[in-house]
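# Notes for the structure review
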Amino acid sequence: MLFIGLTAVAFVAGFISSIAGAGGAIVLPVLLWAGLPPLNALATNKFQSVFGTLSSTINFFRKGYIDLKALRPALCYAFVGAMIGTYLVQKISTDYLSVMMPYLLIVLALYMMFSPTITDEDLPPKISEKTFAPLVGGGIGLYGGFFGPGMGSFFAVAFASLRGFNMRKATAFTKPLVLIVNTTSMIIFLLGGHIVWSLAIAMAASQVVGARLGSNLVIHRGVALIKPLIVLMTLAIAIKLLVESSS
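Residues numbered from 1 in each chain as written. Predicted model: local features only at pLDDT ≥ 70, side-chain atom pairs only at ≥ 80, totals over all residues. Heavy atoms only, no water.

## Concerning the nonpolar core
Stated formally: Only buried residues count toward a nonpolar core, which is a set of Ala, Val, Leu, Ile, Met, Phe, Trp, Tyr and Cys residues joined through side-chain atoms within 4.5 Å. With a 1.4 Å probe rolled over the protein chains alone, any residue whose accessible area is under 20% of its type maximum counts as buried; one over 50% counts as exposed, and the rest are partly exposed. Secondary structure counts use DSSP, requiring at least four H or I residues in a row for a helix and at least two E residues in a row for a strand, with both numbered from the N terminus.
Of all hydrophobic cores here, the largest spans 44 residues; its most connected members are Leu71, Leu105, Phe159, Met167 and Leu177. For this core, the secondary-structure elements that each account for two or more residues are α4 (68–89), α5 (95–114), α6 (129–146), α7 (151–162), α8 (167–191), α9 (197–221) and α10 (223–246). Among the elements that line this core, the one with the most residues is α7, at eight residues.

The structure is reproduced here in structure tokens:
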């Protein structure tokens with residue numbers, strides 16, 4: 001029953017993550033509650049989440065919402081950033097970032113609620129692709145490798161506010177970047193032998209189905225669905241981090 005329950009949680013996480021990110025914030029606490037050691041929980045969570053993100057990425061790409069050629073520089077910078085972040089997290093304490101992160105996420109949620117750039121319409125870009133790739137791809141990639149909560153939401157808001165993308169396109173373009181960052185971390189965990197394979201494979205399959213359904217909803221509903229879910233999930237992560245820091 002526990003195995004089935006965890007697989008169901010992965011489906012829900014894949015569905016929500018394809019729309020608003022934050023799937024890991026749902027799955028990881030449940031894996032820890034189920035009794036997995038922290039390192040195994042982190043590794044298993046990364047493995048299954050990669051396949052959910054891959055599913056939504058493929059769906060958005062097939063329906064014409066992702067231009068991989070335009071994303072190539074940002075993907076390269078995100079990969080390098082994730083490698084640096086993964087290295088740094090092993091050398092530097094995350095205590096300061098853990099204290100600051102909830103408040104940054106609350107600011108992000110408020111920006112999502114009130115910013116006129118979060119819309120279903122394309123707007124003029126504020127910065128060029130050449131500036132965006134290292135600044136956002138590399139910067140958020142480094143953050144994703146180092147810490148991670150809210151990474152998908154940060155990417156989506158950056159595309160909407162800095163590149164002028166509508167929220168369907170911003171959400172779609174976010175997925176390959178999240179995929180490259182999480183795959184980098186997953187490979188490191190895989191090489192370390194920390195993945196619980198039977199559970200990870202079942203949860204990955206469930207993530208694929210949930211992510212496909214969620215990405216289809218993004219395409220059909222746009223900002224009316226994406227905006228409130230990102231706000232809710234971002235605030236939920238912030239509250240979770242605040243509770244953890246005070247306990």
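## Concerning the packing of aromatic side chains
The cut-off we apply is this: Here is the rule: rings of Phe, Tyr and Trp (six-membered ring for Trp) pair when centre to centre is within 6.5 Å. Planes less than 30 degrees apart are stacked, more than 60 are edge-to-face, and the remainder are tilted.
Inspection of every chain in the model, using the stated rule, returns eight aromatic pairs. Seen from their ring centres, Phe159 and Phe165 are 5.3 Å apart, and the 10° between their planes marks the pair as stacked. When the ring of Phe165 is compared with that of Phe173, the centres are 5.0 Å apart and the planes differ by 80°; the resulting orientation is edge-to-face. Cluster of aromatic residues (ring-pair linked, three or more members): Phe132, Phe159, Phe165 and Phe173.

## Some remarks on the side chain of Thr171
So the rule is basically this: We define a polar contact as two N or O atoms separated by no more than 3.5 Å, with the added condition that, inside protein, one atom must be a possible hydrogen donor and the other a possible acceptor, whereas residues neighbouring each other in sequence contribute only through side-chain atom pairs. We call two residues in contact whenever any of their non-hydrogen atoms come within 4.5 Å of each other.
Position of Thr171 relative to the elements: it lies in helix α8. Thr171 gets classed as buried once you look at its relative accessible area, which sits at 2%. Of the polar contacts made by the side chain of Thr171, one reaches the backbone oxygen of Met167; its length is 2.7 Å. Not counting chain neighbours up to four residues away, the residues in contact with Thr171 comprise Ser18, Ile19, Phe60, Val218 and Ile226.

Keep in mind that these numbers describe shape and distance, not what the molecule does.
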